[in-house]
Amino acid sequence: MSNFVNLSIFENYQKYIDNEQEIREKIRLVVRKIEQNTKEAAIQLQIIHCDLSKIDNACAEARKTITACSENYQSLSELIPIGQYYRYSDHWTFITQRLVFIIAMVVYLEAGFLVTRETVAEMLGLKTNQVDGFHLDIEDYLMGILQMASELSRFATNSVTLGDYDRPLHISRFMANLNAGYRLLNLKNDGLRKRFDALKYDVKKIEEVVYDISIRGLKSITSEATEEPSNKENEQKHSSENVVGGTIESI
């Protein structure tokens, strides 16, 4: 019995490998463009840590860059074969989380609330359901929000340095609600769980800033008045908790 190997089989394998490498190279080129835009947006937002008067302008410029990213995501989605999102997702997972953080930061600075996954997906031109194709993964959204928490912790400290003693109080309440929302999730012992564990340190850091403001008597009369218990405040508190909890539960 002769040992016979059909070499044409390996030729087909090589075609498959070449096609795979070509797809990944095209993906890398598009992802590099998204990375560059993301870096620009991150740089634009850094101004908030040294000049509070430029927050609105920084958010406006960051939004322009986010729009450019959405165009690149459209190009990226066209490269991914149907049903193979997670086969190539390692190329854009980190940068997508970074973009979620930037978008969440912009929305918070502009409006003071937690952006939903649906809104982030819309801004990036992505879907929210896996069956619809190229989508915003749930874990990428959650990781991005946790990155925002760390940035808010830093922002609270720098706000005090810049003479804004009310902002840390608002950030502290927001972070407390955010922490409560994440505690509704039963996270596995993976990267997301470890990143969530860091949230308690971000919350603690902001609480220390608020404590220092309180004992030094730096709270404004306005902020003290808003902290007095009232029916209106309780309604707003429950509403805020529902927003955070609803955002996470609806994912």
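Residues numbered from 1 in each chain as written. Predicted model: local features only at pLDDT ≥ 70, side-chain atom pairs only at ≥ 80, totals over all residues. Heavy atoms only, no water.

### What about the overall build of the protein?
Scanning the protein from terminus to terminus reveals 11 helices and zero strands. Reading the protein from its N terminus to its C terminus gives the helix and strand order α-α-α-α-α-α-α-α-α-α-α. Split into buried and exposed, the 251 residues of the protein put 41% on the buried side. A fraction of 76% describes how many contacts in the protein between residues 6 or more apart in sequence connect residues 24 or more apart. Of the roughly 14300 Å² of accessible surface on the protein, 51% is carried by carbon and sulfur atoms. (Helix = DSSP H or I, 4+ residues; strand = E, 2+ residues; numbered from the N terminus. Buried < 20%, exposed > 50% of the residue type's maximum accessible area, 1.4 Å probe, protein only. Contact = heavy atoms within 4.5 Å. Areas by Shrake-Rupley, 256 points an atom, 1.4 Å probe, with all protein chains shown as cover.)

### Section: the UniProt feature "binding site: Mg(2+)" (unreviewed entry) in the protein
Under the UniProt annotation, "binding site: Mg(2+)" (unreviewed entry) lies at E151. Within the fold, E151 resides in helix 6 (residues 138–161). Given the relative accessible area of 14%, E151 is considered buried. (UniProt positions renumbered as here; feature names shortened; annotations may be inferred.)

### A short note on the side chain of D137
Mapped onto the fold, D137 is located in the loop between helix 5 (117–124) and helix 6. Of the side chains bearing the opposite charge, R117 lies closest to the buried D137, which forms no salt bridge; the N-O distance is 6.3 Å. (Lys, Arg positive; Asp, Glu negative; His and termini not counted. Salt bridge = Lys/Arg side-chain N within 4 Å of Asp/Glu carboxyl O.)

### A few points about the packing of aromatic side chains
What characterises a pair of aromatic rings is the spacing of the ring centres plus the angle enclosed by the ring planes. Evaluated as defined, the whole model comprises seven aromatic pairs. With a centroid separation of 6.2 Å and 55° between ring planes, the pair formed by Y73 and F134 is classed as tilted. Here Y73, found in helix 2 (residues 55–79), pairs with F134, found in the loop between helix 5 and helix 6; they are 61 residues apart in sequence, far enough to count as distant. As far as burial versus exposure is concerned, Y73 and F134 are alike and both buried. A centroid spacing of 5.3 Å and a plane angle of 65° characterise the contact between Y85 and W92, whose relative ring orientation is edge-to-face. Among the residues examined, W92 registers a relative accessible area of 1% and is labelled buried. Three or more aromatic residues joined by ring pairs form one cluster here, namely Y73, Y85, Y86, W92 and F134. (Phe/Tyr/Trp six-rings, centres within 6.5 Å; stacked < 30°, edge-to-face > 60°.)

### Things to note about the layout of surface pockets
Roughly 220 Å³ of volume is contained in the second largest pocket. Lining the second largest pocket are 14 residues, and of these I82, G83, Y85, G133 and F134 sit closest to its centre. In terms of residue class, the lining of the second largest pocket is built from seven nonpolar, six polar and one charged. (1 Å grid on protein atoms, 1.4 Å probe; cavity = no way out; pocket = protein on both sides within 12 Å on 5 of 7 lines; lining within 4 Å. Points joined across faces, edges and corners; volume = space filled by probe spheres on them. Nonpolar A, V, L, I, M, F, W, Y, C, P; charged D, E, K, R; others polar.)

### Some remarks on helix 4 (residues 93–111)
Helix length check: helix 4 (19 residues) gives 27 Å between terminal C-alpha atoms against 27 Å at 1.5 Å per residue, within 8%. Counting buried residues in helix 4 gives 14 out of 19 residues, a clear majority hidden from the surface. At the exit of helix 4 stands G112, carrying a positive phi of roughly 80°. (Expected span 1.5 Å × (residues − 1).)

### Re the packing of helix 6 against helix 9 (residues 199–215)
Contact geometry of helix 6 with helix 9 gives a least axis separation of 9 Å together with a crossing angle of 15°. In terms of orientation, helix 6 lies roughly parallel with respect to helix 9. As helix 6 runs across helix 9, the sense of the crossing is left-handed. Contacts between helix 6 and helix 9 involve L146, A149, S150, L152, S153, A156, T157 and V160 from the first element and L199, D202, K205, I206, V209 and I213 from the second. (Axes fitted to C-alpha atoms, helices over the stretch in contact; angles between N-to-C directions. Parallel < 35°, antiparallel > 145°, perpendicular 65-115°, else oblique. Left-handed = near helix turned anticlockwise from the far one by under 90°.)

### Re the nonpolar core
Counting 65 residues, the largest nonpolar core has W92, I145, M148 and M175 as its most contacted members. The dominant element in this core, judged by the number of residues it contributes, is helix 4, at 12 residues. Residues in contact with I145, not counting those within four places in the same chain, are V100, A104, L114, V115, L178 and Y182. (Core = buried A, V, L, I, M, F, W, Y, C linked by side-chain atoms within 4.5 Å.)

### Quick word on the pattern of salt bridges
Counting across every chain of the model gives 10 salt bridges. For E20, the salt bridge identified is with R87, shortest N-O distance 3.3 Å. Pair noted here: E20 is in helix 1 (residues 7–45) and R87 is in helix 3 (residues 85–88), with a separation of 67 residues, a long-range link. We classify E20 as buried; its relative accessible area is 13%. Linking E61 and K64 is a salt bridge whose minimum nitrogen-to-oxygen distance equals 3.4 Å. You can see E61 and its partner K64 sitting in helix 2, three residues apart, about one turn around the helix. Its relative accessible area of 55% is what places K64 among the exposed residues. Connected via shared salt-bridge partners are E20, R24 and R87.

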